[in-house]
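A look at the structure
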Amino acid sequence: MHRRHFLMGTGAAVAAAPLSGLLGHLVGTGSALASSPKAPMAVALGPRQILSLNRGWRFHEGDIPFPELLSHEETYENAKAGISFGAASPAYDDTGWAAVELPHDFVSFQRHSEKANVSQGYRPRGYAWYRTTLRFDESDRGRHIELQLDGISTYATIWFNGTLVRRSWSGYSAVNIDLTPFITYGNAGNSLVVRVDAQSMEGWWYEGGGIYRNVRIVKRAPVHIATDGVSAHPVKQGDGWTIPLTVQVNSSAKRTMPVRLTAELTGPDGKIVARSEATGSITDFDSITLSAPMQLASPQLWSLEQPALYTVTTRLWENGALTDEGTTEIGFRTQRFDAEKGFFLNDRPVKLKGVCIHQDHAGVGTAIPYGLLEFRLRRLKELGCNAIRCSHNAQDPAFYRLCDRLGLLVMDENRCFNPSPDQMAQLEWLVRAHRNHPSIILWSVFNEEPMQGTEAGYEMVMRMADVVRELDPTRPVTAAMNGGLFTKINVSQAVDVVGFNYQPKDYDAFHKANPSKPMLSSEDTSAFSTRGEFITDKERHIASSYDDEAAPWGATHRKAWKEIATRDFVAGGFVWTGFDYHGEPTPHTWPSNSSFFGIMDLCGFEKTAFHIHQAQWVDDRPVLAIAPHWNWPGKEGQPIRVMVMSNAEEVELRLNGKSLGRQKGDRLEMNWFQVPYQPGKLEALGFTGGMPVAKAVVETTGPAKALRLVADRKQLAGDGIDAQPIRVEVVDGAGRVVPDAKPMIRFAIVDGRIIGLGNGDPNSIEPEKGDRRSAFNGLAQVIVQSNAGTSGTLRLSAEADGLKPAKLTIEIKPDLGPAYQPVFERNIFTLGRWRVSPWSATPLDPTAGLADNDMNSWSPYRSGSLLPAPDREVYVMCAITIEPYAGIQKAGGTLVFDKVTGAVEVFANGRRIGGRTEATAAPLSLDLPPATGKQKIAVLFRVQPGQQYGLEGAVRIL
């Protein structure tokens, strides 16, 4: 087929890769976190293929109303499988739609509008459509083929080949669809259409819109391991360990067969340390669960400091032949919540130093490349954070695997508090999909629900918790409660660990009333701050970063943590929030469009709260920082509040070499000084055991003179997927960041793409796409992504009026990237739904039609198969009414029969355009003349006795 019509998948399977590295390829993180995070790879494990479907999509912003159905024929067909109308139809003309790659958050491209929803960050939302056309080879026939969409925001309706195959009611749950019964093979093309309703909202924060996570096609044998069907979380038993391995096996085969499951456990060093197997018999279109537990005496434990990971490889066999194979990463660790002493990991007490996060980032919204996601989690690890609450929904699959590998604990949280079937299915998916991750320590069934203090809420949680415990009996269930803790019947009585949102005043009372109930702060703080600002100005929507400002329901970072740190029975807490996020711009409204809560801003640049929590949380290295900056022109001689944040035993402050005093270090409240302003160098020293262990300096800078670009990593993979944030600094002549500089910066890139821009200013309404962005208090961020199939060097430059420009080069490492599901580059017009006439002794009139209400005189017929042979010579007509794409109507096209069997004459609108006299199977191509509107194509067969005939292959217009 011509290149312009068909886009073959690129890349290569990595069948030769060691099993210990395969999971990294599957989820896109690679084997070394600090190198080059990558997207899901196609992995040839036995007959299984995993193919990315992130390319080849066409996109339309806005809704497309379905046509009003008036005729009987249309109304009849509308009720039938395989027939859809409007933009859902396989025949819809999308040739004018924009080409996009996934993940894609179309809301992130919108300009802010004061008329839009404040909680969603003043970004217009609405509706959108996505379409692509897939090609499946004949070799795929007989395989089980599944479509996997990791996330569509918000609600979605999905059609495949004209059949509505799924409605999704959550933007945070994966959608897995068995496409096998609907597929056509060869050149006919398979229409996949997704309508997105992002006007609907699930949350009160920025949720983005569109297919914002990854999409893939998974091809497996008819008898295969079910998606999310492996349960392998280790359990300590006595002096040893057991992996209570269970594997769900599904069959789309048409016969009963015996199956054998084998399992291998591979250690962090790549050596096999345990094996097991199980056998069973599965009937056609059935599902069974096989149990094959494994034992290990002394595994290397997964911990925060050394997150050792093992790999379980499961293989499925039929009559000695491998039918499916998959890998699952696991970790050996124990956990428990104690009502008096808090949380224990591997029998060691661990205070949960956690943050709540949403999933968006400056510039890209919710469509987070893996390289950027890894950057965010590394920043939290650097903060001293050891736990993350997924507020208030499931995260991208790579998030959990990164937490496993970085050593971060996770509270996984359900989005919708509702035990009805649709919502319970979302909870079941959450647990099944994530239960093997050693990072997960808690399942949260809700956040701040009005029914939490009622009997109805109790009954709802009891049912939801029962489902969770059935799927995973090893981890406790919690709920984030902001009230109702002391009513007669309430949710705290239905959970294993009680979560407190903003109720420190009740810690002691609840513990006294419920001494055997473990508890933690599931959400706290809600302090306000603007990066780099130290004077609150409510009119300008600026909050001081001294940690003075907090919401009425919350507390400062220092006070909130002090309430937790001084109580052993409070297992820990989760600060609201680790990062600023788009939307919910409390306490302000327009033009504020992102939150002020973050320990870091939208770009991941640290605020003062970052250093406060480092002082509170970091124990394995010295911490020392000073706030504020030291640029205060016009305030010479006036006192400036100075906060020193440190974990040292003592701190000393010096100005221009003169000591301003030495204080005992205070890790909870920090150390404070009043310093008459004098330009120069403000220096802090930290002492432990009487010896200096750390030094921090802030200096009065000169005026801005230049720009500086700082890469997050030295390399990018040339797969068109890898991405990283570049820190943009405005510096003075000595190379120091100028803390109040705000120039407009223009960017240019070679051999790469700019996919997003930011500066951390919660009040900025500048576009986050394009090639320019102003700095905010000395900093900005540009997110760059590689081009597919490249190597060499990415070149980024930045310039601003009056400043010395900056240049940065990043090595592009050759990388084929994932293998892609073959798709047609543009939609092809396929003639699939024909009507076939009864046998006739004489030729039929190619212009004749059927009555609008006649559904039975002519039989429905789909191309791709032969029709039965007659017992005498007959004429048979196959006819179809079509409305070709506008370009075809205007210029005509080529009517291509991939394989037609029989002697035929072909007519377009009653006019003969060609034919063939031979009865043998062969391709046929004919010129189709231009014509406006609907057209009738008729194929008249002259059939001899005993001959089969028909449109044996695909029929298309090119």
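Residues numbered from 1 in each chain as written. Predicted model: local features only at pLDDT ≥ 70, side-chain atom pairs only at ≥ 80, totals over all residues. Heavy atoms only, no water.

This part takes up the side chain of Gln 248. Here Gln 248 lies in strand S14 (residues 246-251). A polar atom in the side chain of Gln 248 sits 3.2 Å from the side chain of Ser 287. At 3.0 Å, the side chain of Gln 248 forms a polar contact with the side chain of Arg 432. Apart from the residues lying within four places of it in its own chain, the contact partners of Gln 248 are His 224, Ile 225, Ala 226, Gly 229, Ser 287, Ile 288, Thr 289 and Arg 432. (Helix = DSSP H or I, 4+ residues; strand = E, 2+ residues; numbered from the N terminus. Polar contact = N/O pair within 3.5 Å; in protein donor to acceptor, adjacent residues only side chain to side chain. Contact = heavy atoms within 4.5 Å.)

With that settled, the discussion passes to the sheet that holds strand S35 (residues 639-646). Strands sit in the order S34-S35-S38 across an open sheet of three strands; the sheet is antiparallel. The open sheet has two edge strands with one neighbour each: strand S34 (624-627) and strand S38 (671-676). Neighbour to neighbour, the strand axes of the sheet diverge by 25° on average, direction disregarded. One ladder, built from six bridges, connects S35 with S38; its direction is antiparallel. Its bridge partner being in S38, Met 643 is matched across the sheet by Trp 672. Set on the sheet, helix H9 (residues 608-617) makes contact with S34 and S35; between it and S35 the angle comes to about 45°. (Pairing = 2+ DSSP bridges. Axes fitted to C-alpha atoms, helices over the stretch in contact; angles between N-to-C directions.)

Let us look at the confidence of the model for the chain. Summarising the model, the chain shows a mean pLDDT of 94, and 95% of its residues fall at 70 or more. Here residues 1-45 is modelled with pLDDT under 50, and outside its nearest four sequence neighbours on either side it reaches 127 contacts, counting other chains as well. (pLDDT = per-residue confidence, 0-100.)

What follows is about unusual backbone geometry. A cis geometry characterises the amide bond from Thr 586 onward to Pro 587, with omega recorded as 10°. Within the element layout of this structure, Pro 587 appears in the loop between strand S33 (570-576) and H9. Even without being glycine, His 541 reaches a positive phi, approximately 60°. In this structure, His 541 sits in the loop between strand S31 (527-528) and strand S32 (549-550). His 541 sits in the buried class, given a relative accessible area of 13%. Phi angles above zero are rare outside glycine, and Asn 909 is one such case at about 55°. (Buried < 20%, exposed > 50% of the residue type's maximum accessible area, 1.4 Å probe, protein only.)

In this section: the state of the cysteines. Within this structure, the stated rule accounts for zero disulfides. Of all cysteine sulfurs in the structure, the one in Cys 403 sits closest to Cys 390, which takes part in no disulfide; the separation is 7.0 Å. The class for Cys 390 is buried, based on a relative accessible area of 0%. (Disulfide = S-S within 2.5 Å.)

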